[in-house]
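# Understanding the architecture of this molecule
Here is how the chains run, residue by residue.
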Amino acid sequence: MNDKYDFKAIEQRWQQRWEEEKTNKVSHQPGRPKYYVLEMFPYPSGRIHMGHVRNYSIGDVIARYKRMQGYNVLHPMGWDAFGLPAENAAMKRGVHPASWTYENIDYMRGQLKAMGLSYDWNRELATCRPEYYRWEQQLFLKMLERGLIYRKETTVNWCDDCQTVLAREQVIDGACWRCDKPVFPKTMYGWFFKITDYAEELLADLDKLSGWPEKVVTMQRNWIGKSTGLACEFPVEGSEERITIFTTRPDTIFGVTFMSLAVEHPLLKTLTAGKPQQQEVEAFIQETIIAKQRSSLDQEMEKQGVFTGSFCINPFTGERVPIYAANFVLMDYGTGAVMAVPAHDQRDFEFAQKYHLPIRVVVQPDGAPLDPATMTEASEGPGVLTASGSFTGLDSLKAQQAIIEHARQAGFGRPHVTYRLRDWGISRQRYWGAPIPVVHCESCGIVPVPESDLPILLPGAGEPKGSHSPLHQQEDFIATTCPRCGKPARRETDTLDTFVESSWYFARYTSPRLESAPIDSEAANYWLPVDQYIGGVEHAILHLLYARFFTKMLRDLGYLKVDEPFTNLLTQGMVIKDGAKMSKSKGNVVDPNDLIEQYGADTVRLFSLFAAPPERDLEWNAQGVEGASRFLGRVYRLVIQNLDCFQEQAAVALDGLNDSSRNLYRKTHQTIRRVTESIESNFHFNTAISGVMELVNLATAPSPDPIDPAVQRDTLETILTLLFPMVPHFCEELWALSGHQKQLHYATWPAYNKEAAREEELTIVVQVNGKVRAKLQVPADIDDQNVQQRALADDKIVQLIAGKQPKKVIVVQKKLVNIVL
C-alpha cells in the first residue's frame, strides 16, 4: 500500500461522505446531555482569511471533542449578511447588494466545507433573507407594544449632495466618502431600543459570567458604567428654569465656580435669548457639532467654551455661577450639565485656566495646603473639607452622604443612580438592512404594520438589477395605506442596525426552519445557553452587550427561560504577520486557499492550533506549516507500515510485557491524560498536539525489544483518536484503512489507565543558587522531605557545598530542588 499522504484525495473523499451521510446533522433530544458550541458568524466579504481559519478550527475541535465525550452537539453556521460594507462594495462594482452578498455566501460556504468543519449545514441562515428578518420585524412590533422602543430626534451626518445620511465610517476628513462633498450635522428622528431598562440586570448578571475572560467582563461593566451620587438643581437666575446636574463628588459642591453645558443642551436657547452673547453661542454650538461629527472616534478635542450671558445659583452657597457652553460635556451622559469644580477635576481645571475662571480648594489632602495660585493640576483625591459651610472639617468621603441628605431635606437634591449606558439607536438610513415595520399616517400617527403583513420586503432584493437606493429615495416603497384607517400613508424608511441581526441569531439556530414563530421555545430551552462562544475581542462590548439584552428581552416575551446567552466565552488572538495583524490594507495576507491547495486543510488546521494557545496572538510562520505537514506524513507512514497490528483483537495484558512495550503503553496513557487535561484546561490545543508528537516520537523510535501487537494497536488507535478533532479527514482515512467499520466520528474519547499512566520514576533537577548541578532518579511516589535528603546527599552536591550550611532549600514538588547557599 502506498504510504504517501495524498491529502487532496482523502479530504475530497471524506467531505463528500460526510455530506452524503449527513454525518453532522443534529436534533434536540430531551434527556440527552447537550453541548452548544458557536463561533461568531462571519460577514460574507467574499473570502475567508487566516483569522477565520483559526477561529473556526478552534470551534470545530471543541465540537468534535464534545461529541466523542457523548454530548449531543449543536454546531451551526450562518451569515451576518446585511450592512454598510455590502452597499459600498455594490456601489463600487456596479452590482446589487443582494447579488454581491449571495455570491459571496456561496463561495465562502465552499471554503468552509473545504476545511472539513463539522457544521450542521441544515441549520444555515443568512440574516438578509426574508425568512430571517421577518421574525426580527415581528420582535420589533412586540417590543414596541411593550414600550421597549421609542422614536426621538437625533443628530446625524448628512450629505446634501447625495441627499442621504452617512454612518460615521462614511465620513472621511469631514467629507462624504462617495462624492467628497462636506458633511454637516442634521437633526432628524430615529428609533431607539430602551436597553437602559435592563441596565441594572445587565450589570448584576456579569457576576454570573465566571466562564468569561475577566477583561471582557470589566469592559462590559465599564461600558454600563453605574455611578451613584447626587442629583441637584441649580436655579437659573431671573428665571423659573433649573439646571439639573449629577455628580459623584457631592463633597466638592462648595467649590463650584462655573457651570458647563453640552452644546446640545435644550436650555441653551433660553439662556442666550436676547443676550449679547446669543450669536457667539449659536456659532460656537454649530462649530462644535460639526467638529464632533468630523473628528475620529478616539480623538480628544481641545477644551473650548463660551459664556452664555446667564448665571445659575449654587443652592448650597447662594452664589451666582456663570454658565458656559463647553465642547467637552456630553449630552448623552448624566444630564448634559456639569457643575465645574476646577480645583478637584482636571478637565474643569484646564478650562478654568484657559478662560481665567476662579479656582477654589474645598478638599484639602494630607500634606502641604493647596494654593489655587500655584496649583499645576487638579487635586482629585480625598481629604478633609474646607470652606464648605457646616461640613468643614469632615472627611470628604464620609461627608458625601451627609451633603446628599442635606440636599434631600432642603428639597433641591436627592440621591441618584445613573449609568453610562445609553439607549441603543437602531435607525440606519440606507438600503441593505431590515425595514422597520411601521407606517406614518397623518390621521393616526405612527401605526405598526400588522403581523399578518410581515415581512416588509426590501424593494428589488429579488431582482439582480433592481433599485438599491436608500429607502427614503424610493417612492414606490414609501407610498402605502394606513392599516388602521385606510388613508394614504408613508412607510418608515429607516432600516435596523445590523447589530440587531447578530443579537438573536444564536437562538434562531435552535429552530431555523420554524415558520410559525421566531423561536421554538422547546428547542431553544434545550439548547440554550450556548456552552462555548468563540470570537474576537473586538466584539467584547457592543455585540455581547446587545446579545445579552436581547436574551433578557426574549425571556420576558416568553420565548426563552435563560438569563444569559453564553455560558463560556473564548476571545481568540489575532493572526500576526510581519509584526502586524493580517489585513489587505497592510499587504500581509496569506490566502488559506493557497495553503489548502499546497498542504491540505488538515495541515492548515493543525498549524493554526499548534502555533499558539487560542487566547494568544498567532505569529505567522511558513516553516510551521511545513512542520505540521511533515508530522502528518510521519503519522501516516507509521500507521500504514503497521496495519498488521490492527488484526490483534486481544486486550493489552500488562503482565509479561517487555520494557519497550511497557514504556510505550505507559506513554500512550500518559498522553491521553495530558491531551484531555490540555483541552479541558482553557483549550490549550498546542500542548495537546505537543503531547501526541512526543508519543509519535516514541512509537517511531528504534526499540531494543519487539513491541507487543496489542500495545502497538492501542498506541496507534490512541494517536488517531486524539488527533481526530484537529485533523478529521486524515484520521478518518487511517481509521478506515486499519479495518474499522464505524466512522471515527462516532468513536468515544479514550479514557486513560490510571495505573499505567503513573510514573514509576521521576527525574528531579537539583540546583545550587539557581544553577543546575545534578539530576536524581527517584520513585514517583517520593515525598518532598526524602527528595531534599537525597539531593543533599548526592556526591556532586556534597562536593559543591563543601560543608557550608545551606541558607534555604526550596523543593518544587516532583520537579526540582534549589539549594541556596
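Residues numbered from 1 in each chain as written. Predicted model: local features only at pLDDT ≥ 70, side-chain atom pairs only at ≥ 80, totals over all residues. Heavy atoms only, no water.

## Looking at the overall build of the chain
Spelled out, the test is: In this text, helices come from DSSP runs of H or I with a minimum length of four residues, and strands from runs of E with a minimum of two, each type numbered from the N-terminal end. Each residue's exposure class comes from its accessible area (1.4 Å probe, protein chains only) as a fraction of the maximum for that residue type: buried when under 20%, exposed when over 50%, partly exposed otherwise. Residues are treated as being in contact if the distance between any of their heavy atoms lies within 4.5 Å. Exposure was quantified through the Shrake-Rupley algorithm and a 1.4 Å probe, taking into account, for residues, occlusion by the shown protein chains and nothing else. Neither His nor the chain ends contribute to the count of charged residues, in which Lys and Arg are positive and Asp and Glu negative. Charge positions are represented by NZ for Lys, CZ for Arg, CG for Asp and CD for Glu.
A count of helical and extended segments in the chain gives 26 helices and 34 strands. The principal-axis extent of the C-alpha atoms belonging to the chain is close to 105 × 85 × 50 Å. For the chain, with 821 residues in total, the buried portion stands at 53%. Counting only contacts in the chain whose residues sit at least 6 apart along the sequence, the fraction spanning at least 24 positions is 73%. Of the accessible surface of the chain, which amounts to about 37100 Å², a share of 48% is contributed by carbon and sulfur atoms. Of the side chains in the chain, 90 bear a positive and 102 a negative charge, and the two mean positions are spaced by 1 Å.

## As for the sheet that holds strand S28 (residues 575-577)
Condition: Here, strands pair whenever DSSP counts at least two bridges between them.
Spatial ordering of the open sheet is given by S29-S28-S30, a layout of three strands whose pairing is mixed. Of all the strands in the sheet, the pair left with one neighbour each is strand S29 (580-581) and strand S30 (618-619). One ladder, built from two bridges, connects S28 with S29; its direction is antiparallel. By the bridge assignment, Lys577 is partnered in S29 with Ala580.

## Let's talk about the sheet that holds strand S13 (residues 305-313)
For the record, the criterion: Axis definition: a line fit to C-alpha positions, over the contact stretch in the case of helices; interaxial angles, taken between N-to-C directions, run 0 to 180 degrees.
Taken in spatial order, the four strands make up an open sheet running S13-S14-S12-S15, and their pairing is mixed. The sheet is open, and its two edges are formed by S13 and strand S15 (337-340), each paired on a single side. Each adjacent strand pair in this sheet contributes to an overall mean axis angle of 30°, direction not counted. Bridge analysis of strand S12 (residues 258-261) against S15 gives four bridges, and the strand direction is antiparallel. Bridge assignment links Met259 to a residue of S15, and that residue is Met339. Sitting on the sheet, helix H10 (residues 346-355) touches S12, S13, strand S14 (320-326) and S15, and the angle it makes with S12 is about 110°.

## Overview of helix H4 (residues 97-114)
Worth spelling out the cut-off: In this scheme, a helix's expected span is set at 1.5 Å multiplied by one less than its residue total. Starting at the helix axis, one direction is taken to each C-beta atom, and the arc is that of these directions.
Its 18 residues place the ends of H4 26 Å apart at the C-alpha level, agreeing with the 26 Å of an ideal helix rising 1.5 Å per residue. If you check which residues of H4 are buried, you get Pro97, Ala98, Trp100, Thr101, Asn104, Ile105, Met108, Arg109, Gln111 and Leu112. What you see down the axis of H4 is that its buried residues fit within an arc of 160°, all on one side. Packing partners of the buried residues in H4 comprise helix H2 (50-68), strand S3 (78-79), helix H3 (84-93), strand S4 (125-126) and helix H17 (592-599). Just past H4, the residue Gly116 takes up positive phi, approximately 75°.

## Quick notes on the pattern of salt bridges
Note the following rule: A pairing counts as a salt bridge when a side-chain nitrogen of Lys or Arg comes within 4 Å of a carboxyl oxygen of Asp or Glu.
Scanning the entire structure with this criterion turns up 40 salt bridges. Where Glu694 meets Arg674, a salt bridge forms, and the shortest distance between an N and an O atom there is 3.1 Å. Taken together, the residues span a long stretch of sequence, with Glu694 in helix H21 (residues 685-700) and Arg674 in helix H20 (residues 659-680) at a distance of 20 residues. What makes Arg674 partly exposed here is its relative accessible area of 29%. Salt bridges sharing common partners tie together Glu201, Asp205, Lys208, Arg548, Lys552, Arg555, Asp556, Asp563 and Glu564.

## Details of the side chain of Thr23
Its place among the elements puts Thr23 in the loop between helix H1 (7-21) and strand S1 (34-39). Under the relative-accessibility criterion, Thr23 is labelled buried at 6%. Not counting the four nearest positions on each side in its chain, Thr23 is found in contact with Arg17, Trp18, Gln743, His745 and Tyr746.

## So, the pairing of strand S21 (residues 438-441)
Relative to strand S22 (residues 445-448), S21 runs antiparallel, the two being bridged by four bridges. Considered in S22, the bridge of His440 is made with Ile446. The antiparallel pairing of S21 with S22 creates a hairpin that spans three residues between the two strands. In terms of strand pairing, S21 meets strand S24 (residues 488-491) through two bridges, oriented antiparallel. Paired with Val439 across the strands is Arg491, a residue of S24.

## What about the nonpolar core?
Soluble globular proteins: nonpolar side chains tend toward being buried together. Rule in force here: Take the buried residues of types Ala, Val, Leu, Ile, Met, Phe, Trp, Tyr and Cys, join any two whose side-chain atoms come within 4.5 Å, and each joined set is a nonpolar core.
Counting residues in each nonpolar core, the largest one holds 173 residues, and the members touching the most others are Leu112, Phe140, Phe193, Phe506 and Phe550. Excluding residues that lie within four positions of it along the chain, Phe506 makes contacts with Tyr36, Leu38, Leu528, Val530, Ala547, Thr551, Pro565 and Phe566. One finds Leu261, Val281, Val306 and Phe391 within the second-largest nonpolar core, a separate group that totals 37 residues.

## A closer look at unusual backbone geometry
A cis geometry characterises the amide bond from Leu454 onward to Pro455, with omega recorded as 0°. For Pro455, the location among the structural elements is in the loop between S22 and helix H12 (475-478). Along the chain, Leu528 connects to Pro529 via a cis peptide bond; the corresponding omega equals 5°. One can find Pro529 in the loop between helix H15 (521-527) and strand S26 (530-536). Residue Asn682 is not a glycine yet carries a positive backbone phi of 65°. Note on placement: Asn682 falls in the loop between H20 and H21. Using a relative accessible area of 52% as the deciding quantity, one classes Asn682 as exposed.

## Some words on the packing of aromatic side chains
To be explicit about the condition: The rule is short: rings of Phe, Tyr and Trp, with Trp giving its six-membered ring, pair when the centres are within 6.5 Å, and they are stacked under 30 degrees, edge-to-face over 60, tilted in between. Placement of a positive charge over a ring is assigned whenever Lys NZ or Arg CZ falls within 6 Å of the ring centre and within 35 degrees of the normal to the ring plane.
Under the criterion given, the structure shown has 43 aromatic pairs. Pairing Phe351 with Tyr355 gives two aromatic rings, centres 4.7 Å apart and planes at 40°, and the pair type is tilted. Here Phe351 pairs with Tyr355, and both are found in helix H10, just four residues apart, close to one helical turn. Overall, Phe351 belongs to the buried group, its relative accessible area being 0%. When the ring of Phe549 is compared with that of Phe550, the centres are 6.0 Å apart and the planes differ by 85°; the resulting orientation is edge-to-face. Across this residue pair, the class does not change: Phe549 and Phe550 are buried. Ring pairs connect the aromatic residues Phe193, Tyr198, Trp424, Phe499, Tyr546, Phe549 and Phe550, which therefore count as one cluster. In this arrangement the basic side chain of Arg491 is found over the ring face of Phe477, its NZ or CZ atom lying 5.7 Å from the centre. Above the plane of the ring of Tyr752 lies Arg673, whose end atom (NZ or CZ) is 6.0 Å from the centre.

## Comments concerning the packing of helix H7 (residues 214-224) against helix H16 (residues 542-556)
Stated precisely, the cut-off is as follows: Here the word oblique covers every angle except those under 35 degrees (roughly parallel), over 145 (roughly antiparallel) and from 65 to 115 (roughly perpendicular). Three categories are distinguished: nonpolar for Ala, Val, Leu, Ile, Met, Phe, Trp, Tyr, Cys and Pro, charged for Asp, Glu, Lys and Arg, and polar for the others, with Gly belonging to the last.
The contact between H7 and H16 brings their axes to 10 Å, and the two run at 75°. When the interaxial angle is binned, H7 and H16 end up roughly perpendicular. Together, Val216, Gln220, Trp223 and Ile224 of H7 and Leu542, Leu544, Leu545 and Arg548 of H16 make up the contact between the two elements. For the contact of H7 with H16, the per-class residue count stands at six nonpolar, one polar and one charged.

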